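Summary of structural features
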Amino acid sequence: EPCRRDIRSTNQTRLARMELLVAIDSLISECFSVGNLLFLAVVSHFGARLHRPRLIGMGCFLMAIGSALTGLPHFFMRYEYDTVIQDCVKDTGSSMWIYVFLGNALRGIGETPITPLGISYIDDFAKAENSAFYISCLQTITLLGPMFGFLLGSMCANLYVDIGFVSVDSLTITPQDARWVGAWWLGFFVSSAILVLAGVPFWFLPRSLPRQGEEGNENFNVDQGNKEQSVLPNTHSVKLANIAKGFLPSLKRLLCTPAYFLLLCGIVLKFSSFIGLLTFKAKYMEQQFGQSASRANFLIGVLILPVVAVGIFLGGLLMKRYKLSVVAGAQLSFITSFTAFILLLFHFSTKCDNLPVAGLTVSYNGTPEISHDEHSLMSQCNQDCSCSTSEWDPVCSDSGITYMSPCLAGCTTFTGKGKNTVFHNCSCVLTPSPVEGSRSVSLGQCPRGPRCTRSFTSYMAVTVLSSFINSLGTTPGYMITIRCITPELKSLALGIQTLVMRTLGGIPAPVYFGALTDSTCLKWGIRSCGGRGACRMYDSNMYRVIFLSLTTCLSGCSYFFIIAVIVLLRKQFKKEEVKALQQTASKQNETKLQSPEMCHPD
């Protein structure tokens with residue numbers, strides 16, 4: 001039975017529910033970062049002086065539990081998409097978001113020790129000239145995770161969310177439809193199992209390793225490690241207290257290093273651009289080029305990530321082969337990053353026109369016309385049909401124009417069922433269908449034309465090339481953080497860098513990227529009994545301009561800080577070289593003065 005409510009109370013209820021949904025959505029989105037940030041600085045400082053491999057193993061187990069919790073709500077609820085045949089059913093509140101919140105928070109906490117403790121563990125026990133190569137190998141292997149994740153996500157996006165619980169044959173939507181929801185939960189359980197297996201080996205790694213070139217002292221290092229692990233509880237407590245006292249002075253020393261501070265500023269801007277690009281890249285490919293979510297994720301996993309992995313590996317190999325200094329590495333990182341930035345500017349000219357949708361992007365007579373007014377959805381051809389303008393059940397005509405629903409297309413009859421349903425006698429369709437002999441439409445949006453396919457090919461080619469060039473400077477850029485500060489602050493520097501990146505870059509970037517891109521929405525979905533749902537149709541031209549402008553502006557501003565870092569590093573290492581030469585000359589003079597005078601014969 002239709003909902004019967006007072007208009008004023010209905011509007012107030014809808015507004016309150018929308019605000020609550022937005023708040024919950026934002027909370028869930030950021031709880032991974034919040035859980036990570038709460039422990040990052042502490043783990044980075046204390047973990048550097050404790051058993052680093054076991055802390056990483058504990059983190060893997062926490063992430064496994066969090067992943068399982070995140071996917072658990074699927075088994076307690078079912079998804080129902082909106083169709084033209086649907087009664088208004090009052091929404092009931094759900095507390096399932098709490099599972100997702102706790103799961104994301106646990107995953108964030110578990111991820112905390114991996115980067116700062118793992119990188120410092122490698123750098124501590126490797127030769128200086130080999131460290132960059134080992135870190136590049138680690139980062140290359142690390143990309144196997146996202147690569148596998150995108151491919152798994154592509155597979156899951158093609159599976160209906162309630163697969164196994166509903167008949168797929170009864171569905172009237174396809175993965176290309178904006179209402180389609182894939183099996184999002186499946187990837188979390190697969191990840192949980194993999195994380196458990198990955199965490200086991202870390203418990204068998206030693207606390208310390210002999211540094212390369214000092215393998216003869218291995219017994220001494222092992223004995224020392226065993227001695228440190230067998231200390232009494234009260235002694236260990238005193239040690240932790242002493243470590244805690246040194247936290248604030250160490251943090252002050254770190255942030256008062258000019259090169260490190262400027263580097264942080266540049267990284268925040270660059271990371272904000274990267275997070276926005278990574279978060280909305282698949283969506284951009286969907287909205288701009290008409291790709292399905294499954295295909296977008298597949299292409300990212302198959303084309304982009306492999307070349308990035310190769311680029312990172314080659315960047316580390318270059319540093320090892322030519323024994324690049326910190327300054328040379330910083331210059332290489334800047335050149336590669338800026339070259340990739342210039343290439344990305346070509347994306348502004350790589351575009352597809354708006355999908356022709358009657359009443360939104362074209363008028364009912366086929367004239368291009370962007371409209372945000374719901375009255376434009378009605379025309380003389382459908383004014384007697386009593387259509388709802390809030391419905392989104394798109395149908396495609398042979399003329400290439402998409403209509404928001406069969407009713408708005410003016411259709412009066414239909415044949416077939418499920419995905420094969422065809423609507424006939426549609427008074428708003430411009431060109432009669434040659435097959436049916438009447439004005440007919442089929443379910444789903446109309447596909448993009450061949451010109452859009454060529455634009456998408458150009459877009460992917462530029463993306464792959466720029467990703468490869470940019471990744472060549474990843475490892476050299478990473479080494480700047482490790483080398484521009486004193487060795488004892490290494491773990492803390494990496495931890496604070498991650499903390500600042502995610503606090504000032506990772507958390508706010510998806511929020512303002514999402515808010516600005518959502519401002520280009522032409523048609524919002526409506527929940528049953530009211531309330532705004534997901535965006536069904538964007539103005540692709542404005543979406544492209546806003547999305548690309550944000551990413552390029554943030555990246556462009558970061559280069560001012562990176563240039564300043566290079567200038568400071570040049571001055572710093574030049575002074576150190578001069579000082580080293582002076583010390584060498586002083587030692588040589590002392591040696592000459594202390595040597596005995598030669599005896600001369602009478």
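Here the residue numbers are simple positions, counted from 1 along each chain's written sequence. Residues qualify for local features only when their pLDDT is at least 70, as the model is predicted, and side-chain atom pairs are given and counted only at 80 or more; totals for whole chains, interfaces and linings, by contrast, use all residues. Computation of side-chain values covers all heavy atoms of the structure but excludes hydrogens and water.

1. Quick look at the nonpolar core
Heads up, the condition is: Nonpolar cores were defined as sets of buried Ala, Val, Leu, Ile, Met, Phe, Trp, Tyr and Cys residues, with membership established by side-chain atoms within 4.5 Å. Burial classes: relative accessible area under 20% of the type maximum marks a residue as buried, over 50% as exposed, and values in between as partly exposed (1.4 Å probe, protein chains only). Put simply, DSSP H or I for four residues or longer makes a helix, DSSP E for two residues or longer makes a strand, and each gets a number counted from the N terminus. Should any heavy atoms of two residues lie within 4.5 Å, those residues are considered in contact.
Ranked by size, the top nonpolar core spans 66 residues in total, and within it Leu254, Tyr260, Met285, Ile496 and Leu569 carry the most contacts. Residue contributions to this core peak at 13 residues, all from helix α11 (residues 258-289). If near-sequence neighbours (up to four positions away) are discounted, Tyr260 is found in contact with Leu254, Leu255, Thr481, Cys484, Ile485, Ala493, Ile496 and Gln497. Counting residues in hydrophobic clusters, the runner-up holds 23 residues, among them Leu360, Leu377, Tyr403 and Leu408.

2. A word on the side chain of Ser273
Inclusion rule: Two N or O atoms count as a polar contact when they lie within 3.5 Å, although within protein this holds only if one can serve as hydrogen donor and the other as acceptor, and sequence-adjacent residues are included solely when both atoms are side-chain atoms.
Within the secondary structure, Ser273 sits in helix α11. In terms of polar contacts, Ser273 uses its side chain to reach the backbone carbonyl oxygen of Thr551, at 2.9 Å. With residues near it in sequence (within four places) discarded, Ser273 still touches Thr551, Leu554 and Ser555.

3. Topic: the sheet that holds strand β1 (residues 395-397)
Selection criterion: Any two strands with at least two DSSP-identified bridges between them are counted as paired.
Within the open sheet, the five strands sit side by side as β2-β1-β5-β4-β3. Their pairing is antiparallel. Where the open sheet ends on each side, the last strands, each with one partner, are β2 (402-403) and β3 (413-415). Pairing geometry for β1 and β2, over two bridges, is antiparallel. Bridging across to β2, Cys396 finds its partner in Thr402.

4. Concerning helix α3 (residues 97-111)
Note the threshold: By definition here, a helix of n residues has an expected span of 1.5 Å times n minus one.
Taking 1.5 Å as the rise per residue, α3 with 15 residues should run 21 Å; its terminal C-alpha atoms sit 21 Å apart, in good agreement. Restricting attention to buried positions, one finds in α3 the residues Val100, Gly103, Asn104, Ala105, Gly108, Gly110 and Glu111.

5. Concerning the state of the cysteines
Note on terminology: a disulfide is the covalent bond linking the sulfur atoms of two cysteines. Convention followed: To count as a disulfide, a pair of cysteine sulfur atoms needs to be within 2.5 Å.
Per the stated rule, a full pass over the model turns up six disulfides. Paired by a disulfide, Cys396 and Cys446 hold their sulfur atoms 2.0 Å apart. When the S-S torsion is 110 degrees, as for the bridge of Cys396 with Cys446, the disulfide is right-handed. With Cys396 in strand β1 and Cys446 in the loop between β5 (441-443) and α14 (450-471), the pair connects residues that are 50 residues apart, well separated along the chain. Each member of the pair Cys396 and Cys446 is classed as buried. The disulfide partner of Cys521 is Cys535, and the gap between their sulfur atoms is 2.1 Å. When the S-S torsion is 105 degrees, as for the bridge of Cys521 with Cys535, the disulfide is right-handed. With Cys521 in strand β6 (residues 521-526) and Cys535 in strand β7 (residues 532-538), the pair connects residues that are 14 residues apart, well separated along the chain.

6. With respect to the pairing of β7
Along β7, five of the seven residues are buried, which leaves the element largely enclosed by surrounding structure. Pairing analysis gives four bridges linking β6 to β7, with the strands arranged antiparallel. By the bridge assignment for β7, Lys523 is matched with Met537.

7. Here's the deal with unusual backbone geometry
Of note in this structure, Lys323 is not a glycine but carries a positive phi near 50 degrees. Along the chain, the position of Lys323 falls in the loop between α12 (293-322) and α13 (326-344). The exposed category is assigned to Lys323, whose relative accessible area is 66%. In the Ramachandran plot, Asn425 falls in the positive-phi region, its phi being about 55 degrees despite a non-glycine side chain. Structurally, the position occupied by Asn425 is in the loop between β4 (422-424) and β5.

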